Amino acid sequence: MRNPETSPIIRSTTVLLVRRNGKAAMAGDGQVTLGDTVIKSSARKVRRLLNGKIVAGFAGSTADAFSLLARFETKLEQFQGQLERAAIELSKDWRTDKYLRNLEALLIVADDKDAFLISGKGDVIASDDGLLAVGSGSMYALAAARAMMRHTELNAAQIAEEALRIAGEICIYTNSEIIVEEI
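What this report covers is the structure whose coordinates are included nearby. On a predicted model such as this, the values are computed, not experimentally measured, just so you know.

The rules behind these values
All residue numbers here refer to positions counted from 1 along the written sequence of the relevant chain. It should be noted that, the model being predicted, local features are given only for residues of pLDDT at least 70 and side-chain atom pairs only at 80 or more, the latter also being counted only at that level, while totals for whole chains, interfaces and linings use all residues. As a convention, hydrogens and water are excluded, and side-chain values are obtained from all of the structure's heavy atoms. Note on conventions: DSSP H or I runs of at least 4 residues are helices, E runs of at least 2 residues are strands, and numbering of each starts at the N terminus. In this treatment the radius of gyration is a C-alpha quantity, and the globule benchmark scales as 2.2 Å times the residue count to the 0.38 power. Working definition: with a 1.4 Å probe on protein chains only, accessible area under 20% of the residue-type maximum means buried, over 50% means exposed, and in between means partly exposed. Contact definition: two residues touch when any of their heavy atoms are within 4.5 Å. This count recognises Lys and Arg as positive and Asp and Glu as negative, with His and chain-terminal groups excluded. To locate a charge, the coordinates of NZ of Lys, CZ of Arg, CG of Asp or CD of Glu are taken. Criterion used throughout: strands pair if DSSP finds at least two bridges between them. Fitting a line to C-alpha atoms yields each axis, with helices limited to the stretch in contact; the angle taken between N-to-C directions then spans 0 to 180 degrees. The scheme is simple: roughly parallel for angles under 35 degrees, roughly antiparallel for over 145, roughly perpendicular for 65 to 115, oblique for anything else. In this scheme the handedness of a crossing depends on how the near helix is turned from the far one: anticlockwise by less than a right angle means left-handed, clockwise means right-handed. Polar here means any residue outside two lists: the nonpolar Ala, Val, Leu, Ile, Met, Phe, Trp, Tyr, Cys and Pro, and the charged Asp, Glu, Lys and Arg; Gly therefore counts as polar.

### Digging into the overall build of the protein
On a plain count of helices and strands, the protein comes out with 4 helices and 12 strands. Whereas a compact globule of 183 residues would reach a radius of gyration of roughly 16 Å, the protein reaches 16 Å, a difference of no more than 12%. Across the 183 residues of the protein, 46% fall into the buried class. A separation of at least 24 residues holds for 60% of the contacts in the protein among residues at least 6 apart in sequence. Charge centroids of the protein, computed over 23 positive and 24 negative side chains, lie 4 Å from each other.

Listed below in structure tokens is the structure:
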């Protein structure tokens, strides 16, 4: 485990999911910061899974997130693409497995019907308003997206991208190298 007194904190990312008018769009920025230094500006934190039927985004330790995404893909295959069941089973494993329990990341996963935020604490959270966000700039992106959902006719992808741009103007750990995936 990381010793907070001796190890620099890796801060990385903002990922936002927006669901509107039957579409889901997930956007993620590309910045990875070590301490007060940007060490990468074009990381890809949003990915398609299960032949493009599911999008997943992550915040936190990149290596940990990749381990979790691999496990999640296995769960998706095991449960024939049932997103909710795969998310719940990953969360159970993450909370109880000795190795997984130490992983530091958060995931957002979505298909054409559902979306969930998954944490190592056993959380599998569905959104009430079609929005989910994780990462350093998540609250800024979430606030911007909520305002756009209420006061514009923009589509899901447009809202996700613009909300991330706004978050990047406020959060020093979020940049404007944005990847958007829509299903």
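### Details of the sheet that holds strand E8 (residues 105–110)
Reading across from one edge, E6-E7-E8-E9-E10 is the order of the 5 strands in this open sheet, with antiparallel pairing throughout. Strands with a single pairing partner mark the edges of an open sheet, and in this sheet they are strand E6 (46–49) and strand E10 (124–125). Contacting strand E7 (54–60), E8, strand E9 (115–118) and E10, helix H2 (residues 83–96) crosses the sheet at an angle of about 5° to E9.

### So, the packing of helix H3 (residues 138–151) against helix H4 (residues 156–170)
Put simply, H3 and H4 touch, their axes get as near as 8 Å, and they point 135° apart. Looking at the two axes, H3 sits oblique to H4. In the crossing of H3 with H4, the sense of the turn from one axis to the other is right-handed. For the pair H3 and H4, the contacting residues are Tyr-140, Ala-141, Ala-144, Ala-145, Met-148 and Met-149 in the first and Ile-159, Glu-162, Ala-163, Leu-164, Ile-166, Ala-167 and Ile-170 in the second. Its residues placed into classes, the contact of H3 with H4 shows 12 nonpolar, no polar and 1 charged.

Keep in mind these values describe shape, not function.
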